[in-house]
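# Close look at the chain arrangement
Take a look at the letters that make up each chain.
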Amino acid sequence: MMAASLLRRDKKSTAAHLKADLNRTDNSSGIRQLQELLDAVLNPEKSAADTEALDWCKCLIAGGEGFEEFCKTVRSYDNATLCGLVWTANFVAYRCRTCGISPCMSLCAECFNNGDHTGHDFNMFRSQAGGACDCGDGNVMRESGFCRRHRLRTGENIPSIPRDLLLMSEMVLPRFILCIIQYLRDGYIEPDTSTERDLQKVLQQLEPQISFLEELTKMGGAMRTVLTKILTNQQTFKELSMGQEENLYAKKNYDKYLSALKNSGLVSVEEKAQGATADVNVGAEGGAGAMVLLGTTSPGSPDESSKEEDQDAGQSVGQRKRVKLSSSTKDPSIIESLKHKCFLEELLFWTIKYEFPQKMVTFLLNMLPDQDYKITFTKTFVQHYVFIMKTLMKSHESDTMSNRIVHISVQLFSNEELARHVTEECQLLDIMVTVLLYMMESCLIKSELQDEENSRHVVVNCSEALLKNNTYWPLVSDFINILSHQSVAKKFLEDHSLLMLWMSFVSFFQGMNLNKRELNEHVEFESQTYYAAFAAELEACAQPMWGLLTHCKVKETQEYTKTVVRYCLETLQIWFDAIGFIDEPAPNQVTFHLPLHRYYAMFLSKAIKCQGLDLDSLLPDQEMLMKIMVHPLQIQACLSEIHSNMWVRNGLQIKGQAMTYVQSHFCNSMIDPDIYLLQVCASRLDPDYFISSVFERFKVVDLLTMASQHQNAVLDSEQERPMLEGALTFLVILTSLRIHLGMTDDEILRAEMVSQLCMNDRTHSALLDLIPENPNPKSGIVPGSCSFEEMLSAVADFKAPVFEPGGSMQQGMYTPKAEVWEKEFDPIMVVLRTVYRRDVQSAMDRYSAFLKQSGIHTGNPWPPYKERTPLHPCYKGLIKLLHCKTLHIVIFTLLYKIWMDHQNMSEHVLCMVLYLIELGLDNQVQENKEDEEPCIEEHCHDSWFPGTNLLSNLHHVINFVRVRVPETAPEVKREAPPSTSTEASSYGQNSRRLTGNWRENLREAQVFSLVAERRRKFQEIINRSNTEATQVVRPKSSSTRWVPPGTPPQLVTEILEIRESMLSLLIKLHQKLSSKQNSLSASWLEDMDTSRHAHGDGITAIERILTKAATRSCQIKRSIQDICGKVCPPVPPKKNSPTDKKAMDKEERRQRARERQQKLLAEFASRQKSFMETAMDVESPDTEAAMDLGASEVMESEVLYDCVICGQSGPSTEDRPTGLVVLLQASSVLGHRCKNKEAKNLPTTDEEHIYPADTCGVAHDVRLTLMQRFFKDSSCLQSVSIGWDGGVYVQTCGHTLHIDCHKSYMESLRNDQVLQGFSVDKGEFTCPLCRQFANSVLPCRPGRGTEAGAWHTPTNKKTCVLVKEVEDLQEKLGLFPTESNLSKEMELVIKDIKNTTQKKYMDYGKNPGSPDNDFLFMYSVARTNLELELVHRGGNLCSGGASAAAKRSCLNQLFHVLAMHMRLYSIDSAYNPWTKLTQIAQNKEADSFDEERPEVPMLFRDVPSLLIIFVLTMPQPLRKEHFTCVVKMLYNLQLTQALAALSARFSPEERQAWSTSGALKKNAVNAEKSFEALLSHVISELSKDKSVYKLSSSVWSPQSIEFSLQQFCLPFLRLSCLLQHHLYGDNLTGCLEEEEFSSLAVCLGLIPSAPQPSNTVNSASCLEWAVNAFDLVTQWCAEVTGLSQMQAEQSLTLLVQDPQWAAPRLLQLPDNYNIIFQYYHRKACTACKKVPKDPALCLVCGAFVCLKGPCCKQQGICECVLHSQHCGAATGIFLLINASVIIIIRGHRFCLWGSVYLDAHGEEDRDLRRGKPLFLCEERYRVLEQQWVSHTFDHINKRWGPHYNGL
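Residues numbered from 1 in each chain as written. Predicted model: local features only at pLDDT ≥ 70, side-chain atom pairs only at ≥ 80, totals over all residues. Heavy atoms only, no water.

## Quick word on the overall build of the protein chain
Along its length, the protein chain carries 74 helices and 27 strands. Split by element, the accessible area of the protein chain, about 77600 Å² in all, is 52% carbon and sulfur. (Helix = DSSP H or I, 4+ residues; strand = E, 2+ residues; numbered from the N terminus. Areas by Shrake-Rupley, 256 points an atom, 1.4 Å probe, with all protein chains shown as cover.)

## What about the sheet that holds strand β20 (residues 1735-1738)?
Pairing between the strands of a sheet is mediated by backbone hydrogen bonds and can be parallel or antiparallel. Reading across from one edge, β21-β20-β22-β23-β24-β27 is the order of the 6 strands in this open sheet, with antiparallel pairing throughout. Of all strands in the sheet, those with a lone pairing partner are β21 (1744-1746) and β27 (1841-1842), marking the two edges. Across 5 bridges, strand β22 (residues 1771-1776) lies against strand β23 (residues 1782-1786) in antiparallel orientation. Residue pairing for β23: L1775 is matched across the bridge by I1782. Each of β22, β23 and β24 (1789-1794) is contacted by helix α73 (residues 1818-1829), which is oriented at about 155° to β24, the strand it contacts most. (Pairing = 2+ DSSP bridges. Contact = heavy atoms within 4.5 Å. Axes fitted to C-alpha atoms, helices over the stretch in contact; angles between N-to-C directions.)

## Digging into helix α4 (residues 52-62)
Burial of α4 is extensive: 8 of the 11 residues sit out of reach of the surface. Of the residues making up α4, those classed as buried are A53, L54, W56, C57, C59, L60, I61 and A62. Positioned one or two residues after α4, G63 has a phi angle of 60°, which is positive. (Buried < 20%, exposed > 50% of the residue type's maximum accessible area, 1.4 Å probe, protein only.)

## A few points about the sheet that holds strand β19 (residues 1336-1339)
The strand order across the open sheet formed by 3 strands is β16-β15-β19, and the pairing between neighbours is antiparallel. Here the strands that pair on one side only, and so sit at the sheet edges, are β16 (1287-1298) and β19. Direction aside, the axes of adjacent strands within the sheet are offset by 40° on average. Where strand β15 (residues 1218-1227) and β16 come together, 9 bridges link them in antiparallel fashion. Across the sheet, T1218 pairs through a bridge with H1298, a residue of β16. The strands touched by helix α58 (residues 1411-1432) within the sheet are β15 and β16, with β16 carrying the most contacts at an inclination of about 85°.

## Some points on helix α8 (residues 167-187)
For α8, with 21 residues, the first-to-last C-alpha span of 31 Å sits near the 30 Å given by 1.5 Å per residue. Burial of α8 is extensive: 18 of the 21 residues sit out of reach of the surface. (Expected span 1.5 Å × (residues − 1).)

## Regarding the nonpolar core
Of all hydrophobic cores here, the largest spans 304 residues; its most connected members are F509, F695 and I917. For this core, the element with the highest residue contribution is helix α26 (residues 530-550), accounting for 13 residues. If we ignore the near neighbours within four places in the chain, the residues touching I917 are I891, L895, L950, L954, L1066 and I1105. By size, the runner-up hydrophobic cluster in this structure holds 128 residues, among which are M1267, I1390, A1459 and I1647. (Core = buried A, V, L, I, M, F, W, Y, C linked by side-chain atoms within 4.5 Å.)

## Let's talk about the environment of D1392
Position of D1392 relative to the elements: it lies in helix α57 (residues 1381-1396). Taking relative accessible area as the criterion, D1392 reaches 31% and is therefore assigned partly exposed. As for D1392 and S1336, which are separated by 56 residues in sequence, their C-alpha atoms are 7.3 Å apart. Excluding its chain neighbours within four sequence positions, the residues that come into contact with D1392 are L1224, N1335 and S1336. Here the side chain of D1392 touches S1336 through a polar contact of 2.9 Å, side chain to side chain. (Polar contact = N/O pair within 3.5 Å; in protein donor to acceptor, adjacent residues only side chain to side chain.)

## Here we look at the environment of A1538
Structurally, the position occupied by A1538 is in helix α64 (residues 1520-1543). Along the primary structure A1538 and L1575 are separated by 37 residues, whereas in three dimensions their C-alpha atoms are 9.6 Å apart. Ignoring anything within four residues of it in the chain, the contact list for A1538 reads L1605, F1608 and C1609.

## Structural notes on the packing of helix α25 (residues 496-507) against helix α27 (residues 558-579)
At their nearest, the axes of α25 and α27 sit 10 Å apart, and the two run at 45° to each other. Looking at the two axes, α25 sits oblique to α27. Considering how the two elements wind past one another, α25 and α27 form a crossing that is right-handed. Across the interface between the two elements, H496, L499, M500, M503 and S507 of α25 pack against T563, V564, R566, Y567, C568, E570, T571 and I574 of α27. A breakdown of the residues in the contact of α25 with α27 according to their chemical character gives 7 nonpolar, 4 polar and 2 charged. (Parallel < 35°, antiparallel > 145°, perpendicular 65-115°, else oblique. Left-handed = near helix turned anticlockwise from the far one by under 90°. Nonpolar A, V, L, I, M, F, W, Y, C, P; charged D, E, K, R; others polar.)

## Section: the packing of aromatic side chains
Per the stated rule, a full pass over the model turns up 55 aromatic pairs. An angle of 75° between the planes, with centres 5.7 Å apart, marks the rings of F479 and F492 as edge-to-face. A residue pair is termed long-range when its members are at least 10 positions apart, and F479 in helix α23 (residues 473-483) and F492 in helix α24 (residues 486-494) qualify at 13 residues. When sorted by exposure, F479 lands in the same class as F492, which is buried. Pairwise contacts between aromatic rings join Y188, Y254, Y257, F349, W350, Y354 and F387 into one cluster. (Phe/Tyr/Trp six-rings, centres within 6.5 Å; stacked < 30°, edge-to-face > 60°.)

## Notes on the state of the cysteines
Under the counting rule described, the total for this entry stands at 0 disulfides. Note on C1203: no disulfide assigned, nearest cysteine sulfur contributed by C1206 at a separation of 3.6 Å. Take C1631: it sits in no disulfide, and the sulfur closest to it among the cysteines is that of C1438, at 4.4 Å. (Disulfide = S-S within 2.5 Å.)

## Points about the pattern of salt bridges
Within this structure, the stated rule accounts for 61 salt bridges. Residue K609 pairs with D745 through a salt bridge whose shortest N-O separation is 3.0 Å. One end of the pair, K609, is in helix α28 (residues 595-610); the other, D745, is in helix α35 (residues 745-759), and 136 residues separate them in sequence. The exposure class assigned to K609 is partly exposed, which follows from its relative accessible area of 39%. E725 is the partner of R721 in a salt bridge, and the nearest nitrogen-oxygen pair spans 3.2 Å. On the criterion of helical spacing, the pair formed by R721 and E725 is a turn pair, its members being 4 residues apart in helix α34 (residues 717-736). By relative accessible area, E725 is classed as buried at 15%. Put simply, E867, E918, D922, R1104, K1108 and R1112 are held in one network by salt bridges that share partners. (Salt bridge = Lys/Arg side-chain N within 4 Å of Asp/Glu carboxyl O.)

## Details of the confidence of the model for the protein chain
In this model, the protein chain carries a mean pLDDT of 80, and residues with pLDDT of at least 70 account for 81%. Counted against residues more than four places away or in other chains, residues 777-784, with its pLDDT under 50, gives 23 contacts. Low pLDDT, under 50, characterises residues 1485-1489; the predicted model gives this stretch 0 contacts beyond four residues in sequence or across chains. (pLDDT = per-residue confidence, 0-100.)

## As for the environment of Y814
One can find Y814 in strand β10 (residues 813-816). Along the chain, Y814 and K799 lie 15 residues apart, while their C-alpha atoms are 5.9 Å from each other.

## Observations regarding the packing of helix α30 (residues 622-643) against helix α32 (residues 671-684)
Interhelical geometry of α30 versus α32 gives an angle of 135° and a closest axis separation of 9 Å. As the angle between them shows, α30 and α32 are arranged oblique. Our pair here, α30 against α32, has a crossing hand that is left-handed. Here Q622, L625, I628, M629, P632, L633, I635, Q636 and L639 of α30 lie close against α32, whose contacting residues are I671, D674, I675, L677, L678, C681 and R684. Class assignment of the residues belonging to the contact of α30 with α32 gives a composition of 12 nonpolar, 2 polar and 2 charged.

Laid out in structure tokens, this is it:
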């Protein structure tokens, strides 16, 4: 009842009253009242959407004051020292590696900017999963990086909080939180029920409540403490959670919760006991076992220590070693079943059930700054870990969920203290490993590796969603995160049962994604699962491995390493048994995934390198080593097979695997450990066995015969060469790579860097990416660490980003220093690290270019030989490989084959063979005679070489060799040598099947066979190591697998006479290569200059080897001299075999064909060049078109044009007109000009603004509007030009074509379905010759060259005569041109021009569509093009000549087209401005009665516009004398305007003074040419009647007046001069800027070109009046003073016009990109008031727009496109704030231009992915501006696409 009455009262007063009650000592009534009120208010049966309850809570908590004030008060007691700001995905945060202790450290922008990180290695990043700010947390970052606010440790001086402030909160909030929980219980529906499950809806309703909790957390430390108490208090939870007895609703609600808990698969303790004794089966198929393990049967009592597992025999999954799950010391159960003891636990439970709603996650994280909460929450999280994983696996939105999970876990586990705490208290490690095992067990399949039927090994199935979608990622990432803490990792390494579990986890990946070679047809479906497999191995196996390795760096940790190694070997042995492996790998199978091998290898390497362990103590017996070596070797051979196209039927994906395996992110976890493992095996196994295994794996055994022909049972002949090259290259890599065998980290880094730089110049970021670093961020090279930068500057030079004229943007690159090429280029490392084979070639090309350039070697160099770092003593055994007979026999055989030109040999083979010899010479075996076994009879190949040392074997001569050859071989034809004496050795290169019989037949000459040799050694080792002799392994004969069907051809035995040693073969090869008979004289060793040996081709290599050998042994030196002394020409192999002849012919034919092709190409190129030259020459149409003023006086009658389509040359005629290829585009560049030469700054604070009022476009608009208020419309429209904004600019590439040819060309383009970057329907095309973009054709007027002579003759007529002639010409009505093709085309072009720009840029008149409007638009087109050409010439004509822009100019043709069109309008003679220019009007009265508005006074008119109107409306072609006359008359007007404008800027006194002083000069002889006289006249005239002057003050001298007048008139003179240049082809002469005025005046004929000293040319001396000057001026001034309607200041504005404009500029950008980014990326859009997802900035006017934002769309057009139309007449330049790149919008297309902001290394950072500081690149910005001004975006940028108005 009481509650009801309280509810009716005002909330505030109730709250105050209750608070007072509760503050009393006896507060029981207050408590009761409050509880009743809360029962009523927080009734969970009400809809959650009802906000009444929330309002009540706010009021109650605030205890009577306003909620806002309450917040403020609480905040003032905030004692938090951490920032803890939580953010969600896409938030921009910072990471500083210099300050971070944990790699996951991140800062919010505010804390980052308030801290001092200058010179640190930081970057900005977009958060993917969300995060929280670590500022103030000393566990995660160093204190030096804290910001000012959190460095102060504010907590100490905060007053303690008054008890009553939060009293209400403590009472109200538990009920509020319970209420939320009850809503969540109610709303939850299990996924498997049939009802529609909409969890989102429940969450949406709860949105305000959860947001309220979030608000509370933001009140600071004081409030968080209260919340923590409530959330973690078990008593409160007990009392409230079940609800009171009598409340039915609460009971039902609680039951719902219990059932949800049950369904989570985690049971409460009571039900668990009966299941406790059940056995746990881990290895069950499909993971059922692990289910049991995680579910009901956690053992109930501590004594039940080991969980046994029974193997169900029927399951054929394979006997695993028994897994001990937990040792007796652990708590009774790994996975504590869920039993919630406080609100926090249940909240987290529901958060998981609802799949981590963002708001809940944020609330839970916002609480973390509270230490007590942090610990409790972390424990709770761990307790729910299993449940989280189960939910994740079922979730449909696993991606989002993963991100949210990591968002939480990274905050908890990055903190070492916490991680250690939960590891000790909650068995975090056990839980994680078990959870991972369980997760992977859900997707196991039987492994098909090796023995398909009987294999007992299971692997993960890579095509399961779990692996494909990386669902395991959050768990693995947490695991890696906790392993990065030393204390946790040590616990892991000490716990043997855990290690064993982990090994069984790793073995799930061992052998996954098995590839089987397709032998018959191409595989139907190319699976792309391989990427999932590589990602899984890297993330789930390699990264935890690197994490553990970090903690095994010192002697003290030896035990850990030993343990891991022991378990690796055990697990490997289990694996070998499970797949039934004995000694031979199954053919045609390969898996790239051997994580167990790699764990073993990496821990071995670490043990030797850092912990000083002895290698032998960690190695297994020989038999195990032989097994371990097989699979990694198989991978190396398969790499070679894949590159030899033997796997081509498996599709592209197999190539993808081979590339990924060596790619920079994977190589140090995959290929490097594999090669290291093989090196270890090679150093401990018998070298002959190892070498023969290699050649057998690479399938080239049959090739290694002295015979010229052989049969290969397993390879096609075209695969033999690449496979042999592969085998030899592999051996070279194996024996020369030192990455794990003794190089220091710095040396490794240097070698990696050099090899990457040698392939290509690299940008800094690409290099960082390409240098393999340990994937675990805490170890190894941290990118950006000092050593990286130092190393980089040591090996490379920086090439600044240059700009290519083609416009392709270069990045800053690093290129190797010269000494690096000379001394450090290591082709072997390059081969190992190249993903694409072409990179090896690229490195060699660059190397040879360097040698050529530095003059070291000009030919085609061979890969240089590089000295190696010394081997670590443990691995000395590796050298034995180079000193074993098997290798020497192979080397000898190959040298012989190359010398004899056998097939399938190559330069590469020789190169590798020589490399091996040289490695052998450089690495000698120390021979310890005493411990050599007594010399037993060496087996089967003792007769080849006496010992194993390469030096002694080099000069050993081999006389006879016995071979097996097919009957058809050439050797068979020869007679056998007379004796096979005892020293004759036989090299019976077999078809392996016959090995046995051979031994019987040839007792006296043993056969050497690689395979037999390998078998024998294997047998020997097995017998030595196997004590149980019963288990002798029967070697499977591998030959049986490869027998090709059908019978092999007959093989016969032949004995070859050889009589060569390796030395003699080397010398003969030297002769062969240098193709000189005796290339080495007997004494060459003495005069050898060793220094030049390092670089060169094969000849150099052989000389280097011989020299080395000679210096190491005198005997060799003698042998060399002997051989060189009696040198004989090499026996050319008999060319009688047809196949050889064929090969020879083929080669020759190829050569000839190549030469023919070269010749053809050269001819074609020269033809094209001459064509281009002629084509380019014709097209300076402006100078050529029938008006050439060349030196030749004889003018042709017509200009000839080349059509680039049909190739014919001819004149343009009325019937078949020729046209220029042109691009018409609307342009507002002129309109954006300002008075100020400096560019405007881009605003980066709220105070700065850009005012557009001072631009040229706006100024002209204002002027026209003002005129239209007072004057007659038709007259206004002839007094100004438009086209400053949205004018049409016409440019050409200079090529011409017939218009009919063009039409058919367009038709063909229309039918061509290829995707073009342009729209044919809009008339767009590319010039058929130069491919430049164009959209129209401008007809050329048929050239009439005849009048040209008369046209140009200088005239002697008097001015008045000329004036009259001009007047008559204007009276001539336009003759309508006869209807012809030409006139039709001209009309069409006019239509095109009108369509180019928007309607609004054409209609300026009062009545749209009137002829006056049209007239204005037409002459303005001419004006726009003239003005733009001036801008392109730098704003003046000082440079003279035809500039590049002029080359593209087509003003001449354009003028004729416009003139033809404008002749349709005649100017009414009464209003003809010409009469006002040249005559004094008679009757003034007639005008005044006219009620029409007056015409625009002459002094207000725009003079250049008048010039263009006159020229265009007079009959064409115009005689030059008339043109000059028009210019002279207009100049008079221009100068008078200048005087009037100038006089307005004087002060009244000064005006008076000039007026009187000038009046005296009026009567002088040349008063009409004196500016003083005229000025005084103008002043006096304008002061009459109604003076237009206002006050103004400045002081003027005659010089400054003269200067001003000249500046005022210059724009007109420049324009006239340019027009004259285009119409008459006059040359523009260059001059100094000071002399521009006089030079232009002379050029235009205003002053005679008499050589006056330049200082006498003043503006007035150029005047030439047709009538009395003073009268005319009086008349002009009277027009102004006689205006009755206008105010003085308005007349003044029109009078004082300043025609000077500075060049157009883009906005000035700040130097540092961060300034722009920080201001704009959070700025709200002015139109929609929201923060845009993709904000963009217009660089022309600074407008801030939403890119692609639907919020600002109008009529389906997005804002950027709209803005580009308003601001740039469809050209827009936008900077995308979030990507730092610039996009250009041109009409209906757009392109990505690139970035003008580069980082410290000169490269772009598109999309700000790297987040490094960026700085403005002035050069690039200038280029952008230049392309904008010159309208060349379309030509220079190639990648255009349509934007469909969507930007």
